[in-house]
Amino acid sequence: MVELQHIIPGCVIVLTGRADGDISSETVLHQKMKDYGKTLIVPRLMHGSERRVVTKHEMFQCDALITTDQAHALGIRVADCLPIVCSIKGKGLTVIHGGWRSLLQSIVPLTLADLCSTTMADPQDIFVWIGPSIQQCCNTMQSLPIQSHFPEWKPYVHEKKEQYSVSLQDAVLDQCRTFGIPEDHLYSDGGCTYHETESYYSYRRWKLERKMTTGAPHFGVVAWMEE
Ligand SMILES: [Zn+2]
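Residues numbered from 1 in each chain as written. Predicted model: local features only at pLDDT ≥ 70, side-chain atom pairs only at ≥ 80, totals over all residues.

Section: the environment of Met 141
Part 1 of the reasoning: Structurally, Met 141 is set in strand β10 (residues 140-141).
Part 2 of the reasoning: Look at Met 141 and you get exposed, because 12 C-beta atoms sit within 10 Å.
Part 3 of the reasoning: Spatially, the C-alpha atoms of Met 141 and Ser 165 are 6.2 Å apart, while their sequence positions differ by 24 residues. (Helix = DSSP H or I, 4+ residues; strand = E, 2+ residues; numbered from the N terminus. Buried ≥ 20, exposed ≤ 12 C-beta atoms within 10 Å, placed from the backbone.)

Some remarks on helix α3 (residues 107-119)
Part 1 of the reasoning: With 13 residues, α3 should reach 18 Å at 1.5 Å per residue; the first-to-last C-alpha distance of 18 Å fits that figure.
Part 2 of the reasoning: Along α3, the residues that are buried comprise Ile 107, Val 108, Thr 111, Leu 112, Leu 115 and Cys 116. Buried residues of α3, viewed axially, fall in a sector of 165 degrees; they line one side.
Part 3 of the reasoning: At the C-terminal side of α3, Met 120 shows a positive phi close to 55 degrees. (Expected span 1.5 Å × (residues − 1). Arc of directions from axis to C-beta.)

So, the sheet that holds strand β2 (residues 11-15)
Within a sheet, adjacent strands bond to each other through the backbone by hydrogen bonds, running parallel or antiparallel.
Part 1 of the reasoning: Strand order in the open sheet formed by five strands is β1-β2-β14-β6-β3, and the pairing between neighbours is mixed. Both edges of this open sheet fall to β1 (2-5) and β3 (39-41), since each of them pairs with a single strand only. For this sheet the average axis-to-axis angle between neighbouring strands, irrespective of direction, equals 25 degrees.
Part 2 of the reasoning: With six bridges joining them, strand β6 (residues 72-78) and strand β14 (residues 219-225) adopt antiparallel strand pairing. By the bridge assignment for β14, Val 78 is matched with Phe 219.
Part 3 of the reasoning: Contacting β3, β6 and β14, helix α1 (residues 26-34) crosses the sheet at an angle of about 150 degrees to β3. (Pairing = 2+ DSSP bridges. Axes fitted to C-alpha atoms, helices over the stretch in contact; angles between N-to-C directions. Contact = placed C-beta atoms within 7 Å.)

A look at the nonpolar core
Part 1 of the reasoning: Within the largest apolar cluster, 59 residues are counted, with the highest numbers of intra-cluster contacts made by Val 128, Val 172 and Ala 223.
Part 2 of the reasoning: Among residues more than four places away in sequence, those in contact with Val 128 are Ile 8, Ile 84, Cys 86, Cys 176, Ile 181, His 185, Leu 186 and Tyr 187. (Core = buried A, V, L, I, M, F, W, Y, C linked by C-beta atoms within 7 Å.)

With respect to the sheet that holds strand β7 (residues 82-88)
Part 1 of the reasoning: In spatial order, the strands read β4-β5-β8-β7-β9-β13; together these six strands make up an open sheet with mixed pairing. Unpaired on one side and paired on the other, β4 (51-53) and β13 (186-188) mark the two borders of the sheet. This sheet shows a mean twist of 15 degrees between the axes of neighbouring strands, independent of strand direction.
Part 2 of the reasoning: In this sheet, strand β8 (residues 92-98) lies alongside β7 in antiparallel orientation, the contact comprising seven bridges. Opposite Ile 88, over in β8, you have Gly 92 as the bridge partner.
Part 3 of the reasoning: Packed on one face of the sheet, α3 meets β4, β5 (64-67), β7, β8 and β9 (126-130) and runs near 165 degrees to β8.

Laid out in structure tokens, this is it:
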């Protein structure tokens, strides 16, 4: 488990890895968060663009959570999808599950707008961290990817020797820039979940290796506001 202090201002980010085992069972993640003295909230992911502001501990079904409460730790389970943390120092925090379906449905700009309206802050105050996820090097396909059907996504679809690739991270970074977040507030980890097999779990690799006797293993990303 890696604790990232000050990687972006205003929050602490904790990242589990292969060494921590599969955290698909949220019980494991709750156990791990106990030491930090935080109430962990993990939504049931819907692969859409639903966002929720956390006011009390309940069961959330959405792909982005927003909080203004330092007692809340927001968590998501990932294995190739982009874990995205956006922080406004002392005011608020959001954790987004950036799967390709949610990203196509503009979950990032929608959540950023929610974060600003909830905290009464400006886009210039937001800091963004994109965690380890499947990068362009491994997000490849033989047929035209779905993103190529959307004009705003075309710049992120690349073709080389009859193989296509998509950079979801570049798309998210550009969405943040368009929203008005300053360049030096954007941080992308760059770790690739697919080929850095010793550090992370990858859903695509799990599917390829057909280890389908059990559910796909995930790692966890949890963030909370710094006190
Ligand atoms: Zn890769």
